[in-house]
Amino acid sequence: MASAKTCVVGATGAVGQEFLRILEQRDFPISRLRLLASERSAGKRIAFRGKDYTVELLTENSFEKGEIILSSAGGGTSKWFVPHAVKSGAVVVDNTSAFRMEPEVPLVVPEVNPHAIQRHKGIIANPNCSTIQMVVALKPLHDVSRIKRIVVSTYQSVSGKGAKAMEELRLQTKALLDEKPYPPKEFPWQIAFNCLPHIDSFTDNGFTKEELKMVYETQKIMEDDSIAVNATTIRVPVLRSHSESVYIETEKKITAQQAREILSKAPGVIVVDDPANNKYPMPVDSEGRDETFVGRIREDLFFPTGLSLWVVSDNLRKGAALNAVQIAEKLLQLGWS
Ligand code: NAP
Ligand code: 12T
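Rules used throughout
- Residues numbered from 1 in each chain as written.
- Chains lettered and ligands numbered in written order.
- Predicted model: local features only at pLDDT ≥ 70, side-chain atom pairs only at ≥ 80, totals over all residues.
- Heavy atoms only, no water.
- Near = heavy atom within 4 Å.
- Polar contact = N/O pair within 3.5 Å; in protein donor to acceptor, adjacent residues only side chain to side chain.
- Areas by Shrake-Rupley, 256 points an atom, 1.4 Å probe, with all protein chains shown as cover.
- Nonpolar A, V, L, I, M, F, W, Y, C, P; charged D, E, K, R; others polar.
- Helix = DSSP H or I, 4+ residues; strand = E, 2+ residues; numbered from the N terminus.
- Expected span 1.5 Å × (residues − 1).
- Contact = heavy atoms within 4.5 Å.
- Core = buried A, V, L, I, M, F, W, Y, C linked by side-chain atoms within 4.5 Å.
- Buried < 20%, exposed > 50% of the residue type's maximum accessible area, 1.4 Å probe, protein only.
- Axes fitted to C-alpha atoms, helices over the stretch in contact; angles between N-to-C directions.
- Left-handed = near helix turned anticlockwise from the far one by under 90°.
- Pairing = 2+ DSSP bridges.

Visitor: Sorry, what's going on with the site of ligand 1 here?
Guide: For ligand 1, the set of nearby residues contains 28 residues, the closest of which are Thr12, Ser38, Arg40, Ser41 and Cys129. Here an oxygen atom of ligand 1 and a side-chain polar atom of Thr12 are 2.5 Å apart. Side-chain polar atom of Ser38 to an oxygen atom of ligand 1: 2.5 Å apart, as the coordinates give it. For ligand 1, the protein covers 78% of the area, taking 910 Å² as the surface of the free molecule. Residue classes in the shell around ligand 1 are distributed as 10 nonpolar, 16 polar and 2 charged.

Shown next as structure tokens:
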């Protein structure tokens, strides 16, 4: 594989730090690395492959032709800087929701629609974390019998909201155990010992933006606008890894055993489904892992083509940084330089 000038935007954040770990672990071929963030972190030193790098300020002129930009500094920041990066001749793999639904921007999960990468015009969008792990688990079933309908409820960890939100869960839990107050800052309400049916902002139809991302991003990645998705996204007091209860209705029946066999062979999926021995996927087991774990596979008792699954994955890895690095690897294989 050729090597590339590589730049991580938002390098000091929860996703940015995971980017650096994954680039190291996968031996991503880098000819020159730059780490960018806001004025809050410019000047900080971060170690990568045994060398110290200084975090630089992100500006409109930060980019160069041929560079690969791995970006996770929030939607507003991406809307501002990405057009400048593209103009410079760089390619941006963007982790925010800024460009995901733009028709000319590919929205890619390499296990599902790698072919979409080729039509990029400088931006490739990385989908929402909850959507990524769901489509990794569902695409192999969709290929066997078309999925007509998805009803999903998520149990999302606080790391989806960034480093400060992780700190809030830790400190608030400790404060409440010590019978001290800890008012919410990152979340609308107390997150310790609680569940919040509220991720991202509410829209006029009663769904949150996070729920609508799961609807429209799923249709775009699976290239099938007829899939009817109903999502309820919940924040739970888990530090890392999102879990999802997923119910699907397929065109033809897929038995639970067939689903286990299909998913056992699927790329990026590990089936953990042994209720007799209390084996099922859990967030604490998937932390730091690359795969999407699927278990609790069972047929609906009443609806012949209905199937339930429990899907768990590390939201900072497959849900964010890993998926983006896999896209960057494909770009290099396609000859990007
Ligand atoms: P985080 O821990 O809060 O980190 C935010 C990062 O963005 C920090 O490095 C911060 O730098 C940088 N930043 C913020 N404003 C900036 C600006 N104006 N210019 C340059 N850098 C700026 O958040 P996170 O969890 O890593 O998430 C970052 C973003 O990634 C989110 O907002 C979201 O859009 C996206 N995300 C996507 C997924 C996904 O599903 N694919 C998952 C999680 C997050 P400083 O140190 O200078 O503040
Ligand atoms: N609100 O990439 O808060 O669109 O967990 C990812 C995670 C948005 C996104 C979260 C969010 C995104 C969250």
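Visitor: How should I be thinking about helix H1 (residues 14-25) in this particular structure?
Guide: Count 3.6 residues to each turn of an α-helix, and residues three or four apart come out pointing the same way. Taking 1.5 Å of rise per residue, 12 residues should cover 16 Å, and H1 covers 17 Å from first to last C-alpha, within 8% of that figure. Tucked inside the fold, the buried residues of H1 contact strand E1 (4-9), strand E2 (30-37), strand E3 (45-48), strand E6 (68-71), helix H4 (163-177) and helix H8 (317-333). A positive phi of about 55° marks Asp27, the residue just after H1.

Visitor: Is there a simple way to think about the side chain of Asp224 in this case?
Guide: In this fold, Asp224 is placed in the loop between helix H5 (209-222) and strand E10 (228-235). One polar contact links Asp224 to Ser226, side chain to side chain, over a distance of 2.5 Å. Setting aside residues up to four positions removed in sequence, Asp224 forms contacts with His142, Arg146 and Gln219.

Visitor: Which parts of the structure should I look at to understand the nonpolar core?
Guide: In summary, soluble globular proteins display a tendency toward joint burial of nonpolar side chains. Among the nonpolar cores identified, the biggest contains 50 residues, and Phe63, Leu138, Leu141, Ile150, Val246, Ile248 and Leu309 are the most heavily contacted of them. Of the residues forming this core, the biggest block, 7 residues, is contributed by helix H3 (residues 129-144). In this structure, Phe63 is in contact with Cys7, Val9, Arg34, Leu36, Leu58, Ile69, Phe81, Ala85, Ser88 and Ala90, ignoring residues within four places of it in sequence. By size, the runner-up hydrophobic cluster in this structure holds 37 residues, among which are Ala4, Ala11, Leu20 and Ile117.

Visitor: When you look at the packing of H3 against helix H6 (residues 256-264) in this model, what are you seeing that I'm missing?
Guide: In contact at an axis separation of 9 Å, H3 and H6 are set at 115° when each is read in the N-to-C sense. Considering only the axes of H3 and H6, their crossing is right-handed. Taking contact as the criterion, the partners of Ala137, Pro140, Leu141 and Val144 in H3 are, on H6, Ala259, Ile262 and Leu263.

Visitor: Could you clarify how one ought to interpret the sheet that holds strand E12 (residues 269-271) in this entry?
Guide: Two pairing modes exist for strands in a sheet, parallel and antiparallel, and in both the strands are linked by backbone hydrogen bonds. Spatial strand order, E10-E9-E11-E14-E13-E12: 6 strands in an open sheet with mixed pairing. Two strands lie at the open edges of the sheet, namely E10 and E12, each paired on one side alone. Direction aside, neighbouring strands of the sheet carry axes that sit 20° apart on average. Bridge analysis of strand E11 (residues 242-250) against strand E14 (residues 306-313) gives 8 bridges, and the strand direction is antiparallel. Within E14, the residue paired with Ser243 across the bridge is Val312. Helix-sheet contacts for H3 involve strand E9 (147-156), E11, E12, strand E13 (292-299) and E14, and the interaxial angle to E11 is about 35°. Across the face of the sheet, H5 comes into contact with E9, E10 and E11 while running at roughly 145° to E10.

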